[in-house]
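Commentary on secondary and tertiary structure
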Amino acid sequence: MSLTGKRVLLIIGGGIAAYKALDLIRRLRERGASVLPVLTAAGKQFVTPLSVASLAGVSVHEDLFSLTEEASMGHIELSRAADLVVVVPATADLIAKAANGLANDLASTLLLATDKKVLMAPAMNVRMWLHAATQRNVAQLERDGVLFVGPADGEMACGEFGPGRMVEPLDIVAAIEKALASSTVIPLPGNGPLAGRKIIITSGPTHEPIDPVRYIANRSSGQQGHAIAKAAARAGARVVLVSGPVAIPDPSGVTTHHVETAREMLAAVEAALPADIFIGAAAVADWRVENAGAQKMKKSTSGMPSLQFAENPDILASVSAKSKDRPALVVGFAAETENVIAYAQDKLARKKCDLIIANDVSPERGVMGGSKNEVHLVSKSGVESWPLLDKDEVARRLVDTFSAHFKKGGVA
Ligand code: C5P
């Protein structure tokens, strides 16, 4: 991807890896991008404003309270002026400030004020990186939508070995290209292409109890459904996520209801209706155990326990079938291990939804529980196949598809 015409706001933090930021500026400019450099007070201990400005071809922003800098470009304007904000190196201090919303210097203020995606390339001592506080801060920033590249494993300037080394400038360039490949503006709540729309999403597996300590489940991790919830919220929608038991955090900016069984999931969906869009991304168990024990089943010499199954309600089909309060767009998933498209077409007709997102979940494809997905959009108007993509990217593209549906006022 060419970076021609792209503007990168580059915050250079105070770490020995700051020298790599100089090379990064060259690499970005070689590819046609322009760089707006910002140097923290600590960053200035490692690289000089003169070398940064010479390589960037523009002056360096250093001070939140500089009259001359504010006169040429105020900090709010500067925070919005670029297509992407990149922090190189992202020190433990900058990460902690950003995770907690501190704004006591130019760099942290820009990170709080920006409406653009932020990409951080961490660099620090291995113990600082592995410290619970840093890991907590990184997890918080990831929930907030901040992107990370690295750190890598390796020998450090301090002589220790482990994760904490900043990745190389070309790896950061690749991460910048990836981040710029989709929309970078983060709308305020109430803005964005799905502003004013309400979306209900089911996600994750259901657990169907056998007795108080045992249950039937499946391998769904909830990653795809949660990613859609996050992307929809970022597009300005009011999102209700009804999640089965998962090991991933609730997405920020989304109302999440936690349920266990299919029947609880249906009740939570019914309670959240009406909505403009319903997305059934959960892997709902088709059956529940009808004779689930009130007490833990005991081993017995008189033979094996026998489980009787009852069919669970089909949440997707029941939302599709609503005469009153049917969402304008009802979207289902079809996770199959064979005949993916044909089964999806059958499901589209049988469950009367507007769109089925079909994917192959054969174990060798690593989709269930993995971070990537290869989907086919099956609707009455045909089949659209997408390449293998990160689940986050699939989510962003789906949200673009839903937005286009409402713009056109038609069926996706
Ligand atoms: O029939 P199948 O389970 O393959 O259909 C998958 C789609 O139907 C998914 O969108 C899933 O969330 C939804 N579904 C549901 N309730 C069920 C079973 C499936 O909402 N009981």
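Residues numbered from 1 in each chain as written. Predicted model: local features only at pLDDT ≥ 70, side-chain atom pairs only at ≥ 80, totals over all residues. Heavy atoms only, no water.

Let us now look at the overall build of the chain. Across its full length, the chain carries 14 helices and 21 strands. Dimensions along the principal axes, computed over C-alpha positions, put the chain at roughly 80 × 55 × 35 Å. Across the 412 residues of the chain, 49% fall into the buried class. As displayed, the chain offers around 19,500 Å² of accessible surface, 53% of which is attributable to carbon and sulfur atoms. (Helix = DSSP H or I, 4+ residues; strand = E, 2+ residues; numbered from the N terminus. Buried < 20%, exposed > 50% of the residue type's maximum accessible area, 1.4 Å probe, protein only. Areas by Shrake-Rupley, 256 points an atom, 1.4 Å probe, with all protein chains shown as cover.)

For the rest of this paragraph, the subject is the environment of Ala53. Relative to the elements of secondary structure, Ala53 occurs in helix H2 (residues 49-56). Taking the C-alpha atoms as reference points, Ala53 and Leu36, 17 residues apart in sequence, are found 9.2 Å from one another. In contact with Ala53, other than residues within four places in its own chain, are Val58, Ser59 and Val60. (Contact = heavy atoms within 4.5 Å.)

With 7 of 7 residues buried, strand S3 (residues 84-90) is to be regarded as a mostly interior element. A two-sided burial pattern is seen for S3, the buried positions comprising Leu84, Val86, Val88 and Ala90 on one face and Val85, Val87 and Pro89 on the other. Here strand S1 (residues 7-12) pairs with S3 via 4 bridges, running parallel. When the bridges of S3 are listed, Leu10 appears paired with Val86. By the bridge criterion, 4 bridges tie S3 to strand S4 (residues 118-122) in an arrangement that is parallel. Across the sheet, residue Val85 finds its bridge partner in S4, namely Val118. (Pairing = 2+ DSSP bridges.)

Turning next to the domain arrangement of the chain. Each assigned domain of the chain is listed here: domain 1 (7-179) and domain 2 (198-408). Between domain 1 and domain 2, a total of about 450 Å² is buried, with carbon and sulfur atoms accounting for 38% of that surface. Applying the counting rule to domain 1 against domain 2 returns 1 salt bridge. Across the pair Lys178 and Asp390 runs a salt bridge whose closest N-O atoms are separated by 2.9 Å. At the boundary of domain 1 and domain 2, one finds 3 residue pairs in polar contact (both at pLDDT 80 or more). Residues of the side of domain 1 that touches domain 2, tallied by class, amount to no nonpolar, 1 polar and 4 charged. (Domains from an automatic or database assignment. Buried area = accessible area lost by both parts, 1.4 Å probe. Salt bridge = Lys/Arg side-chain N within 4 Å of Asp/Glu carboxyl O. Polar contact = N/O pair within 3.5 Å; in protein donor to acceptor, adjacent residues only side chain to side chain. Nonpolar A, V, L, I, M, F, W, Y, C, P; charged D, E, K, R; others polar.)

Moving on, we come to the environment of Pro245. Inspection of the secondary structure puts Pro245 in the loop between strand S11 (238-243) and strand S12 (255-258). Once the C-alpha coordinates of Pro245 and Pro187 are considered, the two residues, 58 residues apart in sequence, prove to be 30 Å apart. What Pro245 contacts, discounting residues up to four positions off in sequence, is Pro205, Thr206, His207, Val259 and Glu260.

All right, on to the sheet that holds strand S5 (residues 147-148) then. Read from one edge of the open sheet, 5 strands run S2-S1-S3-S4-S5, paired in parallel fashion. Both edges of this open sheet fall to strand S2 (34-39) and S5, since each of them pairs with a single strand only. Together, S1, S3, S4 and S5 form the strand contacts of helix H9 (residues 169-180), whose direction differs from that of S3 by roughly 155°. (Axes fitted to C-alpha atoms, helices over the stretch in contact; angles between N-to-C directions.)

Okay, the nonpolar core next. Counting residues in each nonpolar core, the largest one holds 33 residues, and the members touching the most others are Leu28, Val86, Val88, Ile172 and Ile176. In terms of nonpolar packing, the next biggest core, distinct from the first, is built from 32 residues, Ala231, Val331, Phe333 and Leu398 among them. (Core = buried A, V, L, I, M, F, W, Y, C linked by side-chain atoms within 4.5 Å.)

We now examine helix H13 (residues 340-350). Residues separated by three or four positions in an α-helix point in the same direction, a consequence of the helix having 3.6 residues per turn. For H13, the set of buried residues is Val340, Ala344, Lys347 and Leu348. Taken around the axis of H13, the buried residues stretch over an arc of 105°, which confines them to a single face. The outward face of H13, more than 90 degrees from its buried face, is lined by the exposed residues Ala349 and Arg350. Contacts made by the buried residues of H13 are with strand S16 (329-336), strand S17 (355-360) and strand S19 (375-379). Trailing H13 by a residue or two, Lys352 shows a phi angle of about 55°, which is positive. (Arc of directions from axis to C-beta.)

Close to the ligand lie Gly280, Ala282, Val284, Asp286, Pro313, Asp314, Ile315, Leu316, Gly332, Phe333, Lys347 and Lys351, which account for all nearby residues. Interatomic distance of 3.0 Å between a backbone N/O atom of Ile315 and a nitrogen atom of the ligand. With respect to the ligand, the backbone of Leu316 contributes an N or O atom lying 2.8 Å from an oxygen atom. Burial of the ligand by the protein amounts to 87% of the accessible area it has alone, namely 440 Å². At the level of elements, helix H12 (315-320) and S16 are the ones that each hand at least two residues to the shell around the ligand. In the shell around the ligand, the residues fall into 6 nonpolar, 2 polar and 4 charged. (Near = heavy atom within 4 Å.)

Turning our eyes to something else, we now look at a nonpolar patch on the surface. Together, Ile16, Tyr19 and Phe46 give the surface a local cluster of nonpolar side chains, amounting to about 340 Å² of exposed area. Here Ile16 is to be found in the loop between S1 and helix H1 (18-30). (Patch = residues over 30% accessible without salt bridge, like charges linked within 9 Å, V, L, I, M, F, W, Y side chains within 5 Å.)

Throughout the structure, instances matching the rule amount to 22 salt bridges. Salt bridges here are not isolated pairs; linked through shared partners, they connect Asp23, Arg26, Arg27, Glu30 and Arg31.

This part takes up the side chain of Ser403. Here Ser403 is to be found in helix H14 (residues 391-408). Ignoring any residue separated from it by four or fewer positions in sequence, one finds Ser403 in contact with Pro193 and Leu194.

Moving on: the sheet that holds S17. Pairing within the open sheet is mixed, and its 8 strands lie in the order S12-S11-S8-S13-S16-S17-S19-S20. The strands lining the two open edges of the sheet, one partner per strand, are S12 and strand S20 (382-385). In this sheet, adjacent strand axes meet at a mean angle of 15° when their direction is disregarded. The pairing of S17 with S19 spans 4 bridges and is classified as antiparallel. Within S19, the position partnered with Ile357 by the bridge is Leu377. Contacts from helix H11 (residues 262-272) reach strand S8 (198-203), S11 and strand S13 (277-280), with the element oriented near 175° to S8.

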